[in-house]
Amino acid sequence: MNKKDKKYYLELLNREKERIFKNLGYLKEGIGSGEKGIPTHIADYGTDEFEKGLDINLSDEERKILEKIDIAIEKLDKNTYGICESCGKKISSSRLKALPYARYCINCQRDKEKGGR
Ligand SMILES: [Zn+2]
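In this text, all values refer to a predicted model and were calculated from it rather than measured experimentally.

Caption draft 1: The overall build of the protein, seen in detail. Of the regular secondary structure elements, the protein holds five helices and zero strands. Taking all 117 residues of the protein together, the buried fraction comes to 9%. The contacts of the protein with a sequence gap of at least 6 include a subset with a gap of at least 24, amounting to 50%.

Caption draft 2: Main features of the environment of L76. Considering the arrangement of structural elements, one finds L76 in helix α3 (residues 60–78). Distance from L76 to M1, taken between C-alpha atoms, is 9.3 Å for residues 75 residues apart in sequence.

Caption draft 3: Representation of the confidence of the model for the protein in the model. Summing up the model confidence of the protein, the mean pLDDT is 81 and the portion of residues at 70 or higher is 71%. Note on residues 30–39: pLDDT is under 50 here. Beyond four places in sequence and across chains, it has four contacts. Here residues 41–45 is a poorly scored stretch, pLDDT under 50, and it has five contacts once near neighbours within four places are set aside; other chains count.

Caption draft 4: Fine view of α3. Look at α3: 27 Å from first C-alpha to last across 19 residues, which is about the 27 Å you get at 1.5 Å a residue. Of the residues flanking the end of α3, it is N79, one or two places downstream, whose phi is positive at about 65°.

Caption draft 5: Focus on unusual backbone geometry. Positive phi values are uncommon outside glycine, yet N79 reaches one of about 65°. Structurally, N79 is set in the loop between α3 and α4 (93–98). Taking the number of C-beta atoms within 10 Å as the measure of exposure, N79 has 10 and is therefore exposed.

Caption draft 6: Inspection of the environment of K17 at higher detail. Assignment of secondary structure puts K17 in helix α1 (residues 3–34). Residue classification places K17 among the partly exposed positions, given that 16 C-beta atoms sit within 10 Å. Residues K17 and L66, spaced 49 residues apart in sequence, show a C-alpha to C-alpha distance of 6.5 Å.

Caption draft 7: Layout of the environment of L10. With respect to the helices and strands, L10 occurs in helix α1. Look past the residues within four positions of L10 in its chain and what remains in contact with it is I73 and L76.

What counts as what
- Residues numbered from 1 in each chain as written.
- Predicted model: local features only at pLDDT ≥ 70, side-chain atom pairs only at ≥ 80, totals over all residues.
- Helix = DSSP H or I, 4+ residues; strand = E, 2+ residues; numbered from the N terminus.
- Buried ≥ 20, exposed ≤ 12 C-beta atoms within 10 Å, placed from the backbone.
- Contact = placed C-beta atoms within 7 Å.
- pLDDT = per-residue confidence, 0-100.
- Expected span 1.5 Å × (residues − 1).

In structure tokens, the structure reads:
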């Protein structure tokens, strides 16, 4: 993977991260206005405050994705990004573009979903 690719995927990962944070604020607002107008002021928070509140506000699903994103960013650093953790083959670029924090190639992912338990 060359420098340009790395930069590209790093951007994708960061954008995905941002999307989750934004989603979080958006969902809060949605609940607030839909129900009895409980005021939420996430947008007014400084980033520090916002990050501190994350532990409480993140759903399990979001937390998992953020973890995966961090792992993926680490892998970019160590030059192991884009390699399937299960079979060691390259993950296709189309898969990475759709799911930049994917840990497995499409075949291994399918195997896991099929016979996973
Ligand atoms: Zn694989």
